[in-house]
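# A closer look at the structure
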Amino acid sequence: MDAIELNNSFLQAAEDKPSVLGPLVSVSMPAFNAERYIGEAIESILSQTYTNFELIIIDDGSTDQTREIINRYHDTRIVKIFSDQNLGLIATRNHIAQLARGKYLALLDADDRAFPNRLELQVNFLEQGIADLCGADHWTLNQGNGAIKPSKQRHSNADIQALLTVCSPICNPAVMGKLEIFQRLPYKKTSLHAEDYSLWTEIALAGYRFANLNKKLIIYRLHPTQTSINHMDAAKNVFKQSQSHYLESLGIPITFLPRALPVKERLVFGIRFMRILNQRIRNISIGANYELYARFQFRQNGLLTPLTRLERLLVAISASWIGRQET
């Protein structure tokens, strides 16, 4: 093989494997007034078993000691950017995605913590080509009372895309996905306070595949200063808009929007919704269908609870069967 052939082979390898010339993973960490937690978040990334990454931290105009804490770290894998004005979380996340050099972008908020094997397990999974973006199970820590509880995730692409009709089945700071996704489909400024859910629906409609790893990879922290808690009403409005758009794009009339209904109405609207959804998205599990149909039932404990659970199970089994039989 002559010099030209060797050179061409090297360039092709560099295109196929971005890690030859740079990090395979870019970790996104936007920060604003995060002095209480950001040190722990940074250290959780620096202690990863997978080491071929860059950590991009943008301090978005913090007025506390966040900048000083960031500057305590001198690891060459850290890219530090300091803004003198607060541009907001959406603009900061999108800026990081444009700066990133990796094949994959991993998200972690400045108040959360990744377990040491998080990047390694997600890289190994995504390199198999099974999905384009993956989240993971996680622990949720209530900073106020110290309570910690495990997440209840669904893991397959079909289940995640189905559950997007009623909730956000992916934990944003546990996500790693192809960088091209975040560059092609940036967070929308019009989706403020529910931008995560809005983005997942856009990604699903664009044809990308999801997964959640069946392993807890981060600690997701809840605390009173969290943006999602302080803007709950605005988040609900944005969620409803994105939910309606997602349903319509799947060919599901808004009249079938999942909501609690009396028995007669849900036997019409609920079952019809389940049938259409399982025709649009194949191979939804019985468990996910069970969760979906529960949205049509009033949630209360009483004498009729066993009957409503039986109704839920029968509808879920029937819907999953439809999704596997019809063409």
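Provided above is the structure to which this section pertains.
Cut-offs and rules
- Residues numbered from 1 in each chain as written.
- Predicted model: local features only at pLDDT ≥ 70, side-chain atom pairs only at ≥ 80, totals over all residues.
- Heavy atoms only, no water.
- Helix = DSSP H or I, 4+ residues; strand = E, 2+ residues; numbered from the N terminus.
- Buried < 20%, exposed > 50% of the residue type's maximum accessible area, 1.4 Å probe, protein only.
- Contact = heavy atoms within 4.5 Å.
- Areas by Shrake-Rupley, 256 points an atom, 1.4 Å probe, with all protein chains shown as cover.
- Core = buried A, V, L, I, M, F, W, Y, C linked by side-chain atoms within 4.5 Å.
- Phe/Tyr/Trp six-rings, centres within 6.5 Å; stacked < 30°, edge-to-face > 60°.
- Lys NZ or Arg CZ within 6 Å of the ring centre and 35° of its normal.
- Salt bridge = Lys/Arg side-chain N within 4 Å of Asp/Glu carboxyl O.

Of regular secondary structure, the protein possesses 13 helices and 9 strands. For the protein, buried positions account for 50% of its 327 residues. Of the contacts formed within the protein by residues at least 6 apart in sequence, a portion of 76% connects residues at least 24 apart. Carbon and sulfur atoms form 54% of the exposed surface of the protein, whose accessible area is close to 16100 Å².

Turning our attention to helix α12 (residues 286–294). Listed in full, the buried residues belonging to α12 are Ala288, Asn289, Leu292, Tyr293 and Ala294. Where the residues of α12 are buried, they touch α6 (157–163), α11 (263–280) and α13 (305–325).

To continue, consider the nonpolar core. Counting 49 residues, the largest nonpolar core has Leu133, Phe182, Trp200, Ile203 and Leu277 as the members making the most contacts within it. Counting residues per element, this core draws most heavily on helix α8 (residues 195–205), at 5 residues. With sequence-adjacent residues up to four places away left out, leucine 133 is seen in contact with Leu126, Ile170, Val175, Met176, Gly177, Ile181, Phe182, Trp200, Ile203, Arg209, Phe210 and Ala211. Among the nonpolar cores identified, the runner-up in size contains 38 residues, and Ala34, Tyr73, Leu108 and Tyr220 belong to it.

With that settled, the discussion passes to helix α4 (residues 89–99). Three or more residues of α4 are buried, namely Ile90, Thr92, Arg93, Asn94, Ile96 and Ala97. Against β1 (25–31), β2 (53–60), β4 (104–107), α7 (179–184) and α8 lie the buried residues of α4.

Attention shifts here to the side chain of serine 198. Structurally, serine 198 is set in helix α8. Given the relative accessible area of 5%, serine 198 is considered buried. In this structure serine 198 touches Ser191 and Ser242, once residues within four positions along its chain are discounted.

On to the packing of aromatic side chains, then. Under the defined criterion, the tally for this structure stands at 4 aromatic pairs. An aromatic cluster of at least three residues, connected via ring pairs, comprises Phe273, Tyr293 and Phe296. Sitting above the plane of the tyrosine 187 ring, arginine 93 keeps its charged end 5.0 Å from the centroid.

A few words now on the environment of glutamate 68. Mapping glutamate 68 onto the fold places it in helix α3 (residues 66–70). Here the alpha-carbon distance between glutamate 68 and glutamate 35, two residues 33 residues apart in the chain, equals 8.7 Å.

In a structure, side chains of opposite charge can pair up when their charged atoms sit close to one another. Following the criterion strictly, the structure yields 15 salt bridges and no others. Arginine 93 is paired through a salt bridge with glutamate 195; the nearest N and O atoms lie 3.4 Å apart. Of this pair, arginine 93 sits in helix α4 while glutamate 195 is found in helix α8, placing the two residues 102 residues apart along the sequence. With respect to burial, arginine 93 and glutamate 195 carry one shared label: buried. With its nearest N and O atoms 3.2 Å apart, the salt bridge here joins aspartate 132 to arginine 209. Remark: arginine 209 occurs in the loop between α8 and β9 (210–222) and aspartate 132 occurs in the loop between α5 (118–126) and β6 (133–142); sequence separation between them is 77 residues. Residue class for aspartate 132 comes out buried when judged on its relative accessible area of 6%. Here the salt bridges share partners, and the residues they tie into one network are Arg93, Asp109, Glu195 and Asp196.

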